[in-house]
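One-letter residues, chain by chain:
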Amino acid sequence: MAQPREAVPAHAAGPLRGYARLGWIQEVARAKPTERMTSLVHHFNEANLKQAFRELDGSKATGVDRVTKEQFRKDLDSQVSDLAKAIQEERYRPLPSRQVLIPKPQGGTRPLAVGCLRDKIVQTLAARILDAVFEPIFSPKSYGFRAGKSAHQAIGQLCESISKSQDSCVVVEMDIEKFFDSVDHETLMQYLQTRIADPKLLRLIRALLRADVLKVDGLISTTELGTPQGSPVSPVLANIYLHFLLDEWFHKNHTPSGRMIRYADDAVFVFKDASTAEKFRTALEQRLAEGKLRLNLDKSAIVPFARRSPKGTIAFLGFELYWGRDAAKRRVLKLKTQPKRLSRSMSSFTAWIKSSRNKMKLDRLWGIARAKLIGHFNYYGVRSNSAKLNHYFSHCAGALFKWLNRRSQKRSFTWEKFERRLKFNPLAFPPHESELRDVSSERSSTKHKPKSRMREIRKSGSVRSTGWQHPVFT
């Protein structure tokens, strides 16, 4: 008697951990990069759907049905069984997503699609299956939303590329205007068909793409363009789209003359002369137009970036690259937090403490503030960025003191009490220069997530968090 598919041991490691047979799919896709997968939809079985359910964050916002993860868990077996049967019989239809408008720092709003829990389960499993099929063919210069790759690796690769052509370097910055809202469905489906020949899975992906959206004004609209931001399957679909549209095209036509580093829809291209960069920029606009996309002209530019005569700075993933000087007065490539990002982070912290100061007890406020500082230092804690880290800490500590004193009409939280609390319950202070991450040593072949450079911060604020020291933020 044949063994049921659900009983096959699950993949043991990596992003596919816990999913039955998806690791095997990835191995086949790697061994046979030109063949198309003909039978994939049967992997939407109960075991894999339950694993997708376990992956979901129960604290996220609910969809139009308002069903939480805990409520879904109460009847998990029955719910998952019905869901698997509906998918296999092609009866599954996603419910409308609930639109949420998130304010953008530069003005305007970014629409997010909040799906129902059952739809998030299907989207998560679809993302894992697509990962298994397409990950083996993705470019090593693509770093966004991929296991074993990170923004710091992308930054490190950019630094390395600039350093190799430092005396005659020209950088082309690329940002695609409203990329996630502009993805053409038919073009995306054609790209999917290069590796997938299972008509049931293709119809399922199309159904997820075309799911209705409940707008904030109460009207329901059909999605005919773009991938729903906030959906678990959206990042991998974006990578597939840009892999065929951009990565393969660049590798085939421009690799001898330049280097590409891409993180989702943000990319930079490094060339050795201005004329090549100009020609490439024109070709890039034409190539994006073939995919029905266009450049965001406010964030895309050609920057002469030779070490001796740079004509500007390079902004990438929240960092700003510039040519500074070391202790010996030699020009060296340095990193700092992008000014707009720093201003945005400080404003966000101030808005949080201002709105939350009366909603929770002091200990919880203090703990959340510490977590926010740790998160900022973990990402922006790179070599040569100490000044910006100290600036961020000084602002946050000052905002914390100011708004904790406005929890009532009486000024009860004095400076002496604030310093005493810092002494016995320290915040996360900026790390020493020796503790900062050296992005030039990052490697994209990392098999395991590297240990955080801030592990001491998690224990006691930082190595400087001793009782006799006082933070400099006055």
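See the structure printed just above.
The sections below set out a description of the structure shown in this document. (Residues numbered from 1 in each chain as written. Predicted model: local features only at pLDDT ≥ 70, side-chain atom pairs only at ≥ 80, totals over all residues. Heavy atoms only, no water.)

Points about the overall build of the protein chain
Each helix and strand counted, the protein chain has 16 helices and 11 strands in total. Put simply, of all contacts in the protein chain between residues at least 6 apart along the chain, 70% involve residues at least 24 apart. For the protein chain, the accessible area works out to roughly 24,000 Å², and carbon and sulfur atoms hold 50% of it. (Helix = DSSP H or I, 4+ residues; strand = E, 2+ residues; numbered from the N terminus. Contact = heavy atoms within 4.5 Å. Areas by Shrake-Rupley, 256 points an atom, 1.4 Å probe, with all protein chains shown as cover.)

Focus: the environment of valine 67
Summarising the element assignment, valine 67 is placed in the loop between helix 2 (46-55) and helix 3 (69-73). On a C-alpha basis, the gap between valine 67 and leucine 117 in space is 6.7 Å, while along the polypeptide they are 50 residues apart. Sequence-distant contacts of valine 67, that is, excluding residues within four places in its chain, are made with Thr62, Phe72 and Leu117.

What to know about the layout of surface pockets
Gaps left between atoms show up when a probe the size of a water molecule is rolled over them. In this structure, the largest pocket spans a volume of roughly 1,800 Å³. The wall of the largest pocket is formed by 49 residues, among which Arg110, Asp175, Asp266, Lys299 and Arg341 lie closest to the centre. The residue inventory of the lining of the largest pocket, partitioned by class, reads 22 nonpolar, 12 polar and 15 charged. (1 Å grid on protein atoms, 1.4 Å probe; cavity = no way out; pocket = protein on both sides within 12 Å on 5 of 7 lines; lining within 4 Å. Points joined across faces, edges and corners; volume = space filled by probe spheres on them. Nonpolar A, V, L, I, M, F, W, Y, C, P; charged D, E, K, R; others polar.)

Brief notes about the packing of helix 8 (residues 185-193) against helix 10 (residues 234-253)
For the pair helix 8 and helix 10, interaxial distance at closest approach is 10 Å and the crossing angle is 80 degrees. When the interaxial angle is binned, helix 8 and helix 10 end up roughly perpendicular. Here Thr187, Leu188, Tyr191 and Leu192 of helix 8 lie close against helix 10, whose contacting residues are Leu237, Ile240, Tyr241, Phe244 and Leu245. Its residues assigned to classes, the contact of helix 8 with helix 10 shows eight nonpolar, one polar and no charged. (Axes fitted to C-alpha atoms, helices over the stretch in contact; angles between N-to-C directions. Parallel < 35°, antiparallel > 145°, perpendicular 65-115°, else oblique.)

Things to note about the sheet that holds strand 8 (residues 301-304)
Taken in spatial order, the four strands make up an open sheet running 6-7-3-8, and their pairing is antiparallel. A single partner strand is all that each edge strand has here, and the edge strands are strand 6 (258-263) and strand 8. Going across the sheet, the axis of each strand differs from the next one's by a mean of 20 degrees, ignoring polarity. In terms of strand pairing, strand 3 (residues 170-175) meets strand 7 (residues 266-271) through six bridges, oriented antiparallel. Each bridged residue has a counterpart across the sheet, and for valine 170 the counterpart in strand 7 is phenylalanine 271. (Pairing = 2+ DSSP bridges.)

Thoughts on the pairing of strand 6
With six bridges connecting them, strand 6 and strand 7 associate as antiparallel partners. Considered in strand 7, the bridge of methionine 260 is made with phenylalanine 269. Taken together, strand 6 and the strand that follows it, strand 7, pair antiparallel across an intervening segment of two residues, in which alanine 264 is found at a positive phi of about 60 degrees.

Describing the packing of aromatic side chains
Applying the stated rule across the entire model yields 23 aromatic pairs. Consider the rings of phenylalanine 269 and phenylalanine 280, whose centres lie 4.6 Å apart with planes at 55 degrees: the pair is tilted. With a gap of 11 residues between them, phenylalanine 269 in strand 7 and phenylalanine 280 in helix 11 (residues 274-290) connect regions that are remote in the sequence. For the pair formed by phenylalanine 269 and phenylalanine 280, the shared burial category is buried. Ring geometry for tyrosine 379 and tyrosine 380: centres 4.8 Å apart, planes at 90 degrees, overall edge-to-face. Each residue in the set Phe134, Phe179, Phe180, Tyr191, Tyr241 and Phe244 is aromatic and connected to the rest through ring pairs, giving one cluster. Lying over the aromatic face of tyrosine 143, lysine 149 brings its terminal NZ or CZ to 4.8 Å of the ring centre. (Phe/Tyr/Trp six-rings, centres within 6.5 Å; stacked < 30°, edge-to-face > 60°. Buried < 20%, exposed > 50% of the residue type's maximum accessible area, 1.4 Å probe, protein only. Lys NZ or Arg CZ within 6 Å of the ring centre and 35° of its normal.)

Considering empty space enclosed by the protein
Here the structure, examined in full by the defined rule, presents three cavities of 30 Å³ or more. The volume enclosed by the second largest cavity comes to roughly 60 Å³. Considering the residues around the second largest cavity, the lining is formed by Pro94, Leu95, Ser97, Asp119, Gln123, Leu208, Leu209, Ala211, Asp212, Val213, Thr223 and Pro228. Mapped onto the lining of the second largest cavity, the elements with two or more residues apiece are helix 5 (117-134) and helix 9 (199-209). Of the residues in the lining of the second largest cavity, the class split is seven nonpolar, three polar and two charged.

Focus: helix 10
For an α-helix, 3.6 residues make a turn, and residues three or four places apart therefore share a direction. For helix 10, built from 20 residues, the straight-helix expectation of 28 Å at 1.5 Å per residue is met to within 8% by its first-to-last C-alpha distance of 28 Å. When you tally the buried positions in helix 10, you get 15 out of 20 residues, the bulk of the element. (Expected span 1.5 Å × (residues − 1).)

Some details on the nonpolar core
Ranked by internal contacts, the top residues of the largest apolar core, which has 74 residues, are Phe44, Leu130, Leu192, Ile205, Ile240 and Phe269. Leave out the neighbours within four places in its chain, and leucine 130 touches Glu135, Leu192, Ile196, Ile205, Val233, Val236, Leu237 and Ile240. Core analysis: the next-biggest nonpolar cluster, separate from the first, contains 54 residues, Cys169, Leu362, Ala397 and Ala399 among them. (Core = buried A, V, L, I, M, F, W, Y, C linked by side-chain atoms within 4.5 Å.)

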